[in-house]
Amino acid sequence: MKQHIDDLAIFGGTPTFSSDLHVGRPNIGDREQLLARINDLLDRKWLSNNGPYVQEFEKRIAETSGVKHCIAMCNGAVALEIAIRSLGLSGEVIVPSFTFIATAHALQWQEITPVFCDVDRRTHNIDPELIERMITPRTTGIIGVHLWGRACDVDALTDIAQRHNLKLLFDAAHAFGCSYQGRMIGGFGNAEVYSFHATKFLNTFEGGAVVTNDDELAARIRLMKNFGFAGYDDVSYIGTNGKMNEVSAAMGLTSLESMDDFIDVNHRHYRHYLQELSNIPGITIQTYNEQERCNYQYIILEIDSERAKVSRDQLHKILWAERVLARRYFYPACHRMEPYRSYFPHAGLLLPHTVTLASQVLALPTGTGMRPEDIGEICRIIRLVVANGVEVSGRL
Ligand code: T4K
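Residues numbered from 1 in each chain as written. Predicted model: local features only at pLDDT ≥ 70, side-chain atom pairs only at ≥ 80, totals over all residues. Heavy atoms only, no water.

Partitioning the protein into structural domains gives domain 1 (9–24 + 258–326 + 365–387) and domain 2 (31–257). The C-alpha centroid of domain 2 is placed 29 Å from the C-alpha centroid of domain 1. Listed as interface residues are 17 residues of domain 1 and, on the opposing side, 25 residues of domain 2. When the two sides are added together, the surface that domain 1 and domain 2 hide from each other amounts to roughly 1,800 Å², 51% of it contributed by carbon and sulfur. Its largest share of buried area at the contact with domain 2, domain 1 owes to Met 259, Arg 293 and Tyr 298, together 30% of the area lost on that side. Applying the counting criterion to the domain 1 and domain 2 interface returns one salt bridge. The closest approach of N and O atoms between Glu 302 and Arg 121, which form a salt bridge, is 2.8 Å. (Domains from an automatic or database assignment. Contact = heavy atoms within 4.5 Å. Buried area = accessible area lost by both parts, 1.4 Å probe. Salt bridge = Lys/Arg side-chain N within 4 Å of Asp/Glu carboxyl O.)

This is the structure we're talking about:
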């Protein structure tokens, strides 16, 4: 256990952990069950193109989300692109900049301009109060991101979209298994998009899905993700290849069987972090509303360098030296990444909360690969660093 700052690995001590602790370490469900499914699909010789596992997976995801349609895809980014295209978005679309770059790229990839809107300082989600002043005659839609699995202000966004006749899409990449005012995320707006990437609490190796209650939209998305094929020899629409394969769906089905266990573990880890990291000056852990359904897959700290006497980037460096590979999600914010940085060099002037959060947020490891004692050690390191903040940052 580290007692003094000289014990920190960054100052020459031994790293606390003998192997790396990652953010985004995949949860693996019942391995035997997965391998049995893979054997089955090999025997069946049906590997992709709307196979039985994909169909079953879509059914299960739609049921869990309480929506009529789920269209499984090869990843969340392509699912976003297809959702955007299927909704006929064009011109400008209002999005937060404090998100993973895929949200903005899915628009720009189709030559639609992402108009970056600031987030609420407290919730980290797009601030509805700021949206209306960003609407122009070219605006066709809004994309809300349920960041860290915490729902956007869905009611306010729905109201704005309706009053201005805009499409409303949700990037729910973080939010499978979460609820908003007691209703499962998945059925809000025109459509919502999940990611089932390896780093998500429920994964299909790579994967994503669009979920919607709109029959017509669902039919269009099904065509679009399969080159536009309406029948064997009949292409009725412009499309691409966004299909999920059977191995991914086998992983997804197996993961779904362990979903409650994954959430229980994440919840326990979250409460452990919360307990150990409260009352540290300058350190705030983002909380989840326990009245809602949550997947607790992200442990998010905000480090206020004035009060902690150490900056987010210094703490990040110290943790990496201890082999705790914390991540600066989402830094830089989208408007500071190319091509947006060049297109809109002054965007940050309208994004004060985004700019602050991008410099203060740090994601810590969680998931089924973490042991409670690892979390205890990580918290001890953070407490030691903050208790000696002035000296630590002076020596870095
Ligand atoms: N919208 C939002 C809001 C998103 O957050 C994302 C993705 C998307 C859309 C797009 O969905 P996808 O097209 O990805 O389905 C990671 C994930 O790749 C990405 O899915 C995720 N968000 C983002 C938040 O995190 P990176 O660039 O941080 O990945 P990387 O390679 O640095 O890995 C992250 C951590 O996970 C590392 O600590 C290593 C660990 N890891 C990763 C993989 C793949 C493992 O331990 N094992 C693994 O197999 O983006």
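Here we take up the packing of helix α3 (residues 76–86) against helix α4 (residues 101–108). Running from N to C, α3 and α4 point in directions that differ by 40 degrees, and their axes come no closer than 9 Å. Taken as axis vectors, α3 and α4 run oblique relative to one another. As α3 packs across α4, the resulting crossing turns out to be right-handed. Facing Ala 77, Leu 80, Glu 81 and Ile 84 of α3, the residues of α4 in contact are Ala 102, Thr 103, Ala 106 and Leu 107. Taken together, the residues that form the contact of α3 with α4 break down as six nonpolar, one polar and one charged. (Axes fitted to C-alpha atoms, helices over the stretch in contact; angles between N-to-C directions. Helix = DSSP H or I, 4+ residues; strand = E, 2+ residues; numbered from the N terminus. Parallel < 35°, antiparallel > 145°, perpendicular 65-115°, else oblique. Left-handed = near helix turned anticlockwise from the far one by under 90°. Nonpolar A, V, L, I, M, F, W, Y, C, P; charged D, E, K, R; others polar.)

Attention now moves to the packing of aromatic side chains. Tallied over the entire structure, the rule returns 19 aromatic pairs. Taking 5.3 Å as the distance between ring centres and 75 degrees as the angle between the ring planes, the aromatic pair formed by Phe 57 and Phe 196 counts as edge-to-face. One end of the pair, Phe 57, is in helix α2 (residues 52–65); the other, Phe 196, is in the loop between β9 (191–195) and β10 (208–212), and 139 residues separate them in sequence. For Phe 57, a relative accessible area of 0% puts it in the buried group. Each ring, one from Tyr 270 and one from Tyr 288, has its centre 5.1 Å from the other, and the planes form 75 degrees; the classification is edge-to-face. Taken as a pair, Tyr 270 in helix α9 (residues 259–277) and Tyr 288 in the loop between β13 (283–285) and β14 (299–303) lie far apart in primary sequence, 18 residues in all. In this structure Tyr 270 comes out as buried when scored by relative accessible area, which is 1%. Taken together, Phe 98, Phe 100, Trp 148, Tyr 298, Tyr 329 and Phe 330 form an aromatic cluster joined through their ring pairs. Over the ring of Tyr 53 we find Arg 44, and its NZ or CZ is 4.6 Å from the ring centre. A cation sits over an aromatic face here: Arg 312 above Tyr 331, 4.9 Å from the ring centre. (Phe/Tyr/Trp six-rings, centres within 6.5 Å; stacked < 30°, edge-to-face > 60°. Buried < 20%, exposed > 50% of the residue type's maximum accessible area, 1.4 Å probe, protein only. Lys NZ or Arg CZ within 6 Å of the ring centre and 35° of its normal.)

Here we come to the sheet that holds β14. Strand order in this open sheet of three strands is β13-β14-β16, and the pairing throughout is antiparallel. Every interior strand has two partners, whereas the edge strands, β13 and β16 (361–364), have only one. For this sheet, the mean angle separating the axes of adjacent strands, direction not counted, is 30 degrees. Here β14 pairs with β16 via four bridges, running antiparallel. Paired with Leu 301 across the two strands is Leu 362, which belongs to β16. Relative to β16, helix α11 (residues 312–321) is tilted by about 25 degrees, and along the sheet it contacts β13, β14 and β16. (Pairing = 2+ DSSP bridges.)

On to the site of the ligand. Of all residues adjacent to the ligand, which total 25 residues, the nearest are Arg 25, Asp 171, Ser 195, Arg 327 and Tyr 329. Contact between the ligand and His 174: an oxygen atom at 2.8 Å from a side-chain N or O atom of the residue. Within the complex, 76% of the 930 Å² of free accessible area of the ligand lies under protein. Counted by class, the shell around the ligand contains ten nonpolar, eleven polar and four charged residues. When we break the shell around the ligand down by domain, the ones giving at least three residues each are domain 1 (9–24 + 258–326 + 365–387) and domain 2 (31–257). (Near = heavy atom within 4 Å. Polar contact = N/O pair within 3.5 Å; in protein donor to acceptor, adjacent residues only side chain to side chain. Areas by Shrake-Rupley, 256 points an atom, 1.4 Å probe, with all protein chains shown as cover.)

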